[in-house]
Amino acid sequence: ETVDAHLDEVEDAIGDGDPAQFAFWSIDRPEQAPDEPEARVLRALADEIGISAQQLGSLSRHRAAIRAQQAALQRCHALLARARAQVH
């Protein structure tokens, strides 16, 4: 039970917040013309979580680094699942 509580804390600490989820999602989207519906939705989501147009644009310039971070987070989640399985 105590180990599960600690693993829960680690999972919460590395959990994806809204800005991180949005960044990961937006990186996998192809660039759209500004007047296309998907581009408008992307801007609306950016406004909702408080990301400026400049920050949104910089996400595209950092695709490789964001993808690497996304892969690292996925690996952390997989390792946490393995740790839980070994504890039980």
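Since the structure is predicted, the reported quantities are computational estimates derived from the model, not experimental observations. (Residues numbered from 1 in each chain as written. Predicted model: local features only at pLDDT ≥ 70, side-chain atom pairs only at ≥ 80, totals over all residues. Heavy atoms only, no water.)

K.L.:
I'd like a description of the pattern of salt bridges, backed by residues and values.
P.N.:
Under the defined criterion, the tally for this structure stands at three salt bridges. A salt bridge links Arg84 to Asp4; the shortest N-O distance between them is 3.3 Å. With Arg84 in helix H5 (residues 63-87) and Asp4 in helix H1 (residues 2-14), this pair connects stretches of sequence that are 80 residues apart. Neither residue differs from the other here; Arg84 and Asp4 are each classed as buried. A salt bridge links Arg84 to Asp8; the shortest N-O distance between them is 2.5 Å. With Arg84 in helix H5 and Asp8 in helix H1, the pair connects residues that are 76 residues apart, well separated along the chain. (Salt bridge = Lys/Arg side-chain N within 4 Å of Asp/Glu carboxyl O. Helix = DSSP H or I, 4+ residues; strand = E, 2+ residues; numbered from the N terminus. Buried < 20%, exposed > 50% of the residue type's maximum accessible area, 1.4 Å probe, protein only.)

K.L.:
Give a description of helix H4 (residues 53-61) that names residues and reports values.
P.N.:
Turning to H4, its buried residues number three or more, namely Leu56, Ser58 and Leu59. Along H4, the residues classed as buried sweep out an arc of 160 degrees about the axis, all on the same side. Every exposed residue of H4 that faces more than 90 degrees away from the buried side is listed here: Ala53, Gln54 and Arg61. (Arc of directions from axis to C-beta.)

K.L.:
I'd like to hear about the side chain of Arg84, residue by residue, with values.
P.N.:
Here Asp8 takes part through its side chain, which lies 2.5 Å from a polar atom of the side chain of Arg84. Leaving out residues up to four positions away in the same chain, Arg84 has contacts with Asp4, Leu7, Asp8 and Glu11. (Polar contact = N/O pair within 3.5 Å; in protein donor to acceptor, adjacent residues only side chain to side chain. Contact = heavy atoms within 4.5 Å.)

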